Amino acid sequence: MHAKYVRSVKIEEVVRTLEHFAPLPLQETWDNAGLQLGLTEAEVSGVLLCLDVTEQVIDEAVSKGCNLVVSHHPLLFRGLKQITGQNDVQRAVMKAIRAGVCVVSMHTNLDNARGGVNFKIAERLGLQDVTFFARKTVDGLEAGSGVVGTFPFPMVSNVFVSVVKRQMEARVVMCNQLMRKSISRVVICGGAGDFLLDEAVSLGADAFITGEMHYHQYFGYEQRIQICVIGHYESEHFTTEIFRDVIAAAFPEVRILTAETNTNPIIYL
């Protein structure tokens, strides 16, 4: 009986697949998505998925035999003028290079892409008729900074907040004054999305969900829109599910793991 043939997959193939799903031209001008470090000609021994790349995540990748780390937040966001181990980013870079671990990040290109971060939040909340919000076209590609969708049935504001908290696994939810009308139409922008708040109000949305907002931006929206801020990490940590589905569909033979390391720098006491 012949052994089943399993073809080898190169890192560059996985990277191309991710970039096809969330093309790099969709990233914001200030971003640094894409390949962060490493040689992509190597065969994939395993993929570790995460939100943030830290020293502990690199250690986990090495311990689990993964030579590719796929993150949402870029490891290299601001330029490095030296690599001497003086901070956490430099030390993570040094560890990855020493261990032969390749790092690729899909950041605002995944935020802006169809099926990306905001679509994932909408999916978890059970929204219907989900479409791009703050729609734009980049290099002929349809994109959007957020999404808008509706619940199958309206819900009172306190129930809405409870549903968001539960489905997004948030420890706390920061809200403005609870609306006295039901919530149906919702605008979503994961991460730091407060720049879309006024546009959501203009649309006539009942609620606006994002990861973080400045304190003063909560003022003046009482009974105009339900603001629901769940935390930056909490709004994006299901990004790994997107990576998993994209990679598994293209390369079912590749071993894919989700990092057990919790990289959220914020704790709730």
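Residues numbered from 1 in each chain as written. Predicted model: local features only at pLDDT ≥ 70, side-chain atom pairs only at ≥ 80, totals over all residues. Heavy atoms only, no water.

Under the defined criterion, the tally for this structure stands at four aromatic pairs. Judged by centre distance (5.2 Å) and plane angle (90°), the ring pair of Phe119 and Phe132 falls under edge-to-face. Placement of Phe119 in helix H5 (residues 117–125) and of Phe132 in strand S5 (residues 128–138) is noted, with a sequence separation of 13 residues between them. Each member of the pair, Phe119 as well as Phe132, carries the same accessibility label: buried. A cation over an aromatic ring shows up here: Arg124 above the ring of Phe238, its NZ or CZ 3.7 Å from the ring centre. (Phe/Tyr/Trp six-rings, centres within 6.5 Å; stacked < 30°, edge-to-face > 60°. Helix = DSSP H or I, 4+ residues; strand = E, 2+ residues; numbered from the N terminus. Buried < 20%, exposed > 50% of the residue type's maximum accessible area, 1.4 Å probe, protein only. Lys NZ or Arg CZ within 6 Å of the ring centre and 35° of its normal.)

For the structure on display, the rule yields twelve salt bridges. Here Asp59 and Lys95 are joined by a salt bridge, their closest N and O atoms 2.8 Å apart. Separated by 36 residues along the polypeptide, Asp59 in helix H2 (residues 55–63) and Lys95 in helix H3 (residues 88–99) bring together distant segments of the chain. The exposure class assigned to Lys95 is partly exposed, which follows from its relative accessible area of 27%. We note a salt bridge from Arg114 to Glu142, for which the minimum N-O separation is 2.9 Å. A residue pair is termed long-range when its members are at least 10 positions apart, and Arg114 in the loop between helix H4 (108–112) and H5 and Glu142 in strand S6 (residues 141–155) qualify at 28 residues. Residue Glu142 is classed as partly exposed on the basis of its relative accessible area of 39%. (Salt bridge = Lys/Arg side-chain N within 4 Å of Asp/Glu carboxyl O.)

Okay, the sheet that holds strand S2 (residues 47–50) next. The sheet built from five strands is open, its strands ordered S1-S4-S3-S2-S11 with mixed pairing. What marks the edges here is a single partner per strand, and that holds for strand S1 (34–37) and strand S11 (256–258). Sheet twist, expressed as the average angle between the axes of neighbouring strands with direction ignored, equals 25°. Both S2 and S11 contribute to a ladder of three bridges, which runs parallel. Residue Leu48 lies in a different strand from S11, and its bridge partner there is Leu257. (Pairing = 2+ DSSP bridges. Axes fitted to C-alpha atoms, helices over the stretch in contact; angles between N-to-C directions.)

Attention now goes to H3. Under the 1.5 Å per step criterion, the end-to-end length of H3 is 16 Å for twelve residues, consistent within 8% with the ideal 16 Å. Taken residue by residue, H3 has Gln90, Ala92, Val93 and Ala96 as its buried positions. Considered in projection along H3, the buried side chains sweep an arc of 160° and stay on one side of the axis. The inward-facing, buried residues of H3 contact S1 and H2. Where H3 begins, the side chain of Asn87 points an oxygen toward the backbone nitrogen of Val89, at a separation of 3.1 Å. One or two steps after H3, the chain reaches Gly100, where phi turns positive at roughly 70°. (Expected span 1.5 Å × (residues − 1). Arc of directions from axis to C-beta. Contact = heavy atoms within 4.5 Å. Polar contact = N/O pair within 3.5 Å; in protein donor to acceptor, adjacent residues only side chain to side chain.)

Strand order across the open sheet formed by six strands is S5-S6-S8-S9-S10-S7, with mixed pairing between neighbours. At either end of the open sheet lies a strand with only one pairing partner, and these are S5 and strand S7 (174–175). As paired strands, S5 and S6 are joined by eight bridges and run antiparallel to one another. Considered in S6, the bridge of Val138 is made with Leu141. Against the sheet, H5 makes contact with S5, S6, strand S8 (183–192) and strand S9 (207–212), and its axis sits at roughly 140° relative to S8, the strand it touches most. Packing of helix H6 (residues 157–167) onto the sheet brings it into contact with S6, S7, S8, S9 and strand S10 (226–229), and relative to S6 it is tilted by some 125°.

Mapped onto the fold, Asp194 is located in the loop between S8 and helix H7 (197–203). Buried and without a salt bridge, Asp194 has Lys136 as its closest oppositely charged side chain, separated by 14 Å. A distance of 3.1 Å separates polar atoms of two side chains, one belonging to Asp194 and the other to His214. Once residues lying within four places of it in the same chain are set aside, the contact partners of Asp194 are Phe208, Thr210, Glu212, Met213, His214 and Gln217. (Lys, Arg positive; Asp, Glu negative; His and termini not counted.)

If you look at the biggest cluster of nonpolar residues, it comprises 50 residues, and the most contacted ones within it are Leu18, Val70, Leu125, Phe160, Val186, Ile188 and Ile209. Of all the elements, H5 adds the most residues to this core, at five residues. The contact partners of Ile188, leaving out residues within four places of it in the chain, are Asn118, Ile121, Ala122, Leu125, Leu127, Gly146, Val147 and Ile209. (Core = buried A, V, L, I, M, F, W, Y, C linked by side-chain atoms within 4.5 Å.)

Along H2, the residues that are buried comprise Glu55, Val57, Ile58, Glu60 and Ala61. Turning to H2, the residues buried within the fold contact S2, strand S3 (68–71), H3, strand S4 (102–105) and S11. Following H2 by one or two positions, Gly65 adopts a phi angle in the positive range, close to 70°.

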